[in-house]
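Chain by chain, the residues run as shown.
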Amino acid sequence: MNLKLTGNHVEVTPALRDYVNTKISKITRHFDHVIVVNVILSVEKHKQKAEANVHISGKDIFVEADSTDMYASIDSLIDKLDRQVLKHKEKNLEKRNHQGLKDQEFD
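Residues numbered from 1 in each chain as written. Predicted model: local features only at pLDDT ≥ 70, side-chain atom pairs only at ≥ 80, totals over all residues. Heavy atoms only, no water.

## Quick word on the pattern of salt bridges
For the record, the criterion: Any Lys or Arg side-chain nitrogen located within 4 Å of an Asp or Glu carboxyl oxygen qualifies as a salt bridge. Here a helix means four or more residues in a row that DSSP labels H or I, a strand means two or more in a row labelled E, and each is numbered from the N terminus. Note on classification: 1.4 Å probe, protein chains only; a residue is buried when its accessible area is under 20% of the maximum for its type, exposed when over 50%, partly exposed between these limits.
Inspection of every chain in the model, using the stated rule, returns six salt bridges. For Asp75, the salt bridge is made with Lys23, and the minimal N-O distance between the two is 3.4 Å. Remark: Lys23 occurs in helix α1 (residues 14-30) and Asp75 occurs in helix α2 (residues 70-105); sequence separation between them is 52 residues. Take Asp75: its relative accessible area is 26%, and that puts it in the partly exposed class. Residues Asp79 and Lys26 are paired through a salt bridge, measuring 3.7 Å at the closest nitrogen-oxygen approach. Linking Asp79 in helix α2 with Lys26 in helix α1, this pair joins segments that are 53 residues apart in sequence. Owing to a relative accessible area of 26%, Lys26 belongs among the partly exposed residues under this scheme.

In structure tokens form, the structure reads like this:
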């Protein structure tokens, strides 16, 4: 998995980078086929915004979250991203299992 972390109007400190790395590892525990993760952290007036574009096998997932605190934005972003990745994983498993049942009907 490749992680690209970018900051718009905010300096990406080592503490922020480590925090994002540990949170993103939660996603890779649930789904192994994560290829590229692009995370953009930005500040607009009083709004701290975090965006993630995740390229996994078969799909691109885009998620964004904002809050008054950057760490809260990252937490919210990871929760949303985790739900999206699990939903994609379950759909793939369901499709694969359903396909296997179709093949057995013809035997």
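## Things to note about the side chain of Ser42
Spelled out, the test is: The criterion used for residue contact is that any of the two residues' heavy atoms lie within 4.5 Å.
Position of Ser42 relative to the elements: it lies in strand β2 (residues 34-44). Assessed through its relative accessible area of 6%, Ser42 is described here as buried. Ignoring anything within four residues of it in the chain, the contact list for Ser42 reads Asn8, Val10, Lys47, Gln48, Lys49 and Met70.

## Focus: α1
Put simply, the test is: To estimate the expected span of a helix, subtract one from its residue number and multiply by 1.5 Å. What the arc covers is the set of directions going from the helix axis to the C-beta atoms.
Across its 17 residues, α1 extends 25 Å between first and last C-alpha, which sits within 8% of the 24 Å expected from 1.5 Å per residue. For α1, every residue scored as buried is listed here: Leu16, Val20, Ile24 and Ile27. Looking straight down α1, one finds that the buried residues subtend no more than 50° of arc, so they occupy a single side. Residues of α1 that are exposed and angled more than 90 degrees away from the buried face: Pro14 and Arg29.

## With respect to the sheet that holds strand β3 (residues 47-56)
Sheet strands pair via backbone hydrogen bonds, and the direction of the pair is either parallel or antiparallel. Our working rule: When DSSP finds two or more bridges between a pair of strands, those strands are recorded as paired. Here an axis means a line fitted to C-alpha atoms, over the contact stretch when the element is a helix, while the angle between two N-to-C directions is reported on a 0 to 180 degree scale.
Taken together, four strands build an open sheet; the order of strands is β1-β2-β3-β4 and the sheet is mixed. Strand pairing shows two members of the sheet lacking a second neighbour, β1 (2-8) and β4 (59-67), which therefore form its edges. This sheet shows a mean twist of 10° between the axes of neighbouring strands, independent of strand direction. Pairing between β1 and β2: seven bridges, direction parallel. Paired with Leu5 across the two strands is Val39, which belongs to β2.

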